[in-house]
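These are the residues of each chain, in order.
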Amino acid sequence: MPSVVGSLRRLALTPAWEEVSFAARKFPVAPSPTVTALERIPQAVICGFEWGIEARGQSELERRLDLLEAGVRGFGYEGATMALTVRDAMAGGRGRRAQALLTGPGVPHTFLNYIGIGFAMARLPRVLWRGVLPDLGGTPYYPTMSWLAVDGYGFDRAYFDTPRWVDAQQRPRPYAWEGAPGYFLRAVDQGIGRALWFIHGANPAAAAAAVARFPGDRREDLWGGVGLAATFAGGCDVAGLTAMRRAAGSHAAAAGQGAVFAARARTFSGTVPEHTHVAVTALAGLSVDKASALADDVAVGGLAAEGPDVPAYEVWRRLIRTRLHDPMTTSHDEESS
């Protein structure tokens, strides 16, 4: 049973179940099986957050997260990471709960765990951000992939304050994440792009139109987020995804790069749903296995930053985009080319 203190924390900090529904958020979508399926994702995040806030120990939290279906369990870990990050921050940065989870049972969900840290950032004052990223030395993709925390922050802002961050296209103040304040806004835009997929209920034409309303210099990163969400979360058939790749135009490789990251995140977790196979083929022209291999192959030998505003994470993304421009790398069939 949860402790009294844990229950009070949960009541004070957990977003209301209704608040994450697309209807409550006033997203421009109609009820449908696709919308219902997409709404299960933020619902799983809330479950993980509630359990992370009130759990008295990691073993209890792990057992609860194991109750979630494999396809959405990673989102539960995302919410749990958010909760433990908040709890550690409330402990004056002395807590090690998030570190224990992310270096232990949470390792298969590394990609989503970083996003959970970003969700916590959206609820914490910036003065506490310095300590939100625990030392994850020895785990894969650390610290390069920690930029997904900034992506998570951008997703949260766009999802919960759509009029400001999407309609009005406002941007936050830069922050020196991993010492690269100039790149901060680009990572935020990737998260906003992921949110666009949810805001428009996995409607590829609506998502493409939403990206097109942003200034041209933001679209590459937005498309990267759209491609990541479409591939990881699903919700669209091959015809719609193929049309969306065409709509991306010169940014098609960016959408494909997001799809490659999503494919790697899925294979790394050990659970690859059918929609991921469909999306990565439509957006990147690769099978899940080849996309996952590409994500790792371009990083063989290590990645290094190319200046204060080009962190290793962006070098990684750019190498994948470059490879996707190479016709020898991909294999789109005639119908989808």
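So, how was this worked out
Residues numbered from 1 in each chain as written. Predicted model: local features only at pLDDT ≥ 70, side-chain atom pairs only at ≥ 80, totals over all residues. Heavy atoms only, no water. Helix = DSSP H or I, 4+ residues; strand = E, 2+ residues; numbered from the N terminus. Rg over C-alpha atoms; globule rule 2.2 N^0.38 Å. Buried < 20%, exposed > 50% of the residue type's maximum accessible area, 1.4 Å probe, protein only. Contact = heavy atoms within 4.5 Å. Areas by Shrake-Rupley, 256 points an atom, 1.4 Å probe, with all protein chains shown as cover. Lys, Arg positive; Asp, Glu negative; His and termini not counted. Charge placed at Lys NZ, Arg CZ, Asp CG, Glu CD. Phe/Tyr/Trp six-rings, centres within 6.5 Å; stacked < 30°, edge-to-face > 60°. Axes fitted to C-alpha atoms, helices over the stretch in contact; angles between N-to-C directions. Nonpolar A, V, L, I, M, F, W, Y, C, P; charged D, E, K, R; others polar. Core = buried A, V, L, I, M, F, W, Y, C linked by side-chain atoms within 4.5 Å. Expected span 1.5 Å × (residues − 1).

Student: Just to check I follow, could you spell out the overall build of the chain for this structure?
Tutor: Looking only at helices and strands, the chain has 16 helices and 0 strands in total. The globule rule puts the C-alpha radius of gyration for 337 residues at 20 Å, and the 19 Å found for the chain is close to it. Taking the principal axes of its C-alpha atoms as reference, the chain extends roughly 60 × 45 × 35 Å. The proportion of buried residues among the 337 residues of the chain is 56%. Of the contacts formed within the chain by residues at least 6 apart in sequence, a portion of 75% connects residues at least 24 apart. Split by element, the accessible area of the chain, about 13700 Å² in all, is 55% carbon and sulfur. Side-chain charges of the chain comprise 34 positive and 33 negative groups, with the mean position of each set lying 6 Å from the other.

Student: I'm lost on the packing of aromatic side chains in this one. Help?
Tutor: Between two aromatic rings, the relevant description is the distance of the centres plus the angle of the planes. Overall, the coordinates contain 21 aromatic pairs when judged by the stated rule. Geometrically, the ring pair formed by W129 and Y153 is edge-to-face, given 5.1 Å between the ring centres and 70° between the ring planes. You can see W129 sitting in the loop between α6 (110-121) and α7 (147-160) and its partner Y153 sitting in helix α7, a full 24 residues away along the chain. Side by side, W129 and Y153 carry an identical accessibility label, which is buried. With centroids separated by 6.3 Å and ring planes inclined at 75°, the aromatic side chains of Y183 and Y313 adopt a geometry described as edge-to-face. Placement of the pair is Y183 in helix α9 (residues 181-199) and Y313 in helix α16 (residues 312-325), with a sequence separation of 130 residues. Taken together, the ring pairs in this structure connect F111, Y141, W147, Y183, F261, F268, Y313 and W316 into an aromatic cluster.

Student: Explain the packing of helix α11 (residues 219-232) against helix α14 (residues 274-284) to me, please; I cannot follow it from the model alone.
Tutor: For any two helices packed against each other, one specifies the inter-axial angle together with the distance between the axes. Remark: α11 packs on α14, axes separated minimally by 7 Å, with the N-to-C direction vectors making an angle of 145°. For the pair formed by α11 and α14, the contact residues are G227, A230, T231 and F232 on the first element and H275, T276, A279, V280 and L283 on the second. Taken together, the residues that form the contact of α11 with α14 break down as 5 nonpolar, 4 polar and no charged.

Student: What is the right way to look at the nonpolar core in this model?
Tutor: Counting residues in each nonpolar core, the largest one holds 112 residues, and the members touching the most others are W177, W197 and F198. Broken down by element, this core gets its largest block of residues, 11 residues, from α9. What F198 contacts, discounting residues up to four positions off in sequence, is F22, F27, L38, I41, F155, Y159, A229 and A233.

Student: Is there a simple way to explain α9 in this structure?
Tutor: In an α-helix, one full turn covers 3.6 residues, which means residues spaced three or four apart are oriented alike. With 19 residues, α9 extends 27 Å from end C-alpha to end C-alpha; this agrees with the ideal 27 Å at 1.5 Å per step. Of all the 19 residues making up α9, 16 are buried; the element is thus mostly covered by neighbouring parts of the structure. Downstream of α9 by a residue or two, G201 has a phi angle that is positive, lying close to 55°.

Student: I tried to follow α7 on my own but got confused; where do I start?
Tutor: With 14 residues, α7 should reach 20 Å at 1.5 Å per residue; the first-to-last C-alpha distance of 20 Å fits that figure. Of all 14 residues that make up α7, 12 are buried, and the element is covered over most of its length. Turning to α7, its buried residues are W147, L148, A149, V150, D151, G152, Y153, G154, F155, D156, A158 and Y159. Elements in contact with the buried residues of α7: α2 (33-54), α6, α8 (162-167), α9 and α16.

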